[in-house]
Amino acid sequence: MKCPKCGSENVNVQVINEVEMKDKHHGFFWWLCVGWWWIPCKWLFLTLPALIFKIFGHKKQKAVNKQKTICACQQCGHTWEK
């Protein structure tokens, strides 16, 4: 592999794994049919159990892994994605 900047053959290639946390949310249809009345009722009538669940309940996050291939020239220091 050649560096596009200087043309050197001395290039390192690495695969990098990036982890991104994404929040899971309810969709528009859920809010239209259920959410607009359920959330106020839950907090009005079930405040203490709702607070306990909010603190100790499962987190609505999902880990998303993305892999990138990064090339780095050892002569000039130029980096690029493959």
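Only a predicted model underlies this, so the values are computations on that prediction, with no experimental measurement involved.

What about the packing of helix α1 (residues 28-45) against helix α2 (residues 47-56)?
And step 1. Where α1 contacts α2, the axes come no closer than 5 Å and their chain directions differ by 110 degrees. Taken as axis vectors, α1 and α2 run roughly perpendicular relative to one another. Contact residues: α1 offers Lys 42, Trp 43, Leu 44 and Phe 45, while α2 offers Thr 47, Ala 50 and Leu 51.
And step 2. Residue composition of the contact of α1 with α2, by class: five nonpolar, one polar and one charged.

With respect to the nonpolar core
Across soluble globular proteins, nonpolar side chains have a tendency to be buried as a group.
And step 1. Residues Cys 3, Val 11, Cys 71, Cys 73 and Trp 80 constitute the largest nonpolar core, which totals five residues.
And step 2. Among all residues touching Val 11, those that are not within four sequence positions of it are Met 1, Lys 2, Cys 3, Cys 71, Ala 72, Cys 73 and Trp 80.

With respect to the pattern of salt bridges
And step 1. Counted by the stated rule, this structure contains three salt bridges.
And step 2. Its salt-bridge partner being Glu 18, residue Lys 68 comes within 3.4 Å of it at the nearest N-O pair. Of this pair, Lys 68 sits in strand β2 (residues 61-73) while Glu 18 sits in strand β1 (residues 11-23), and the two are 50 residues apart along the sequence.
And step 3. The salt bridge involving Glu 20 is made with Lys 66; its shortest N-O contact spans 3.7 Å. Residue Glu 20 is found in strand β1, and its partner Lys 66 is found in strand β2; the two are separated by 46 residues along the sequence.
And step 4. Several salt bridges converge on common partners, so that one network encompasses Glu 18, Lys 68 and Glu 81.

Definitions and limits used
- Residues numbered from 1 in each chain as written.
- Predicted model: local features only at pLDDT ≥ 70, side-chain atom pairs only at ≥ 80, totals over all residues.
- Heavy atoms only, no water.
- Axes fitted to C-alpha atoms, helices over the stretch in contact; angles between N-to-C directions.
- Helix = DSSP H or I, 4+ residues; strand = E, 2+ residues; numbered from the N terminus.
- Parallel < 35°, antiparallel > 145°, perpendicular 65-115°, else oblique.
- Contact = heavy atoms within 4.5 Å.
- Nonpolar A, V, L, I, M, F, W, Y, C, P; charged D, E, K, R; others polar.
- Core = buried A, V, L, I, M, F, W, Y, C linked by side-chain atoms within 4.5 Å.
- Buried < 20%, exposed > 50% of the residue type's maximum accessible area, 1.4 Å probe, protein only.
- Salt bridge = Lys/Arg side-chain N within 4 Å of Asp/Glu carboxyl O.

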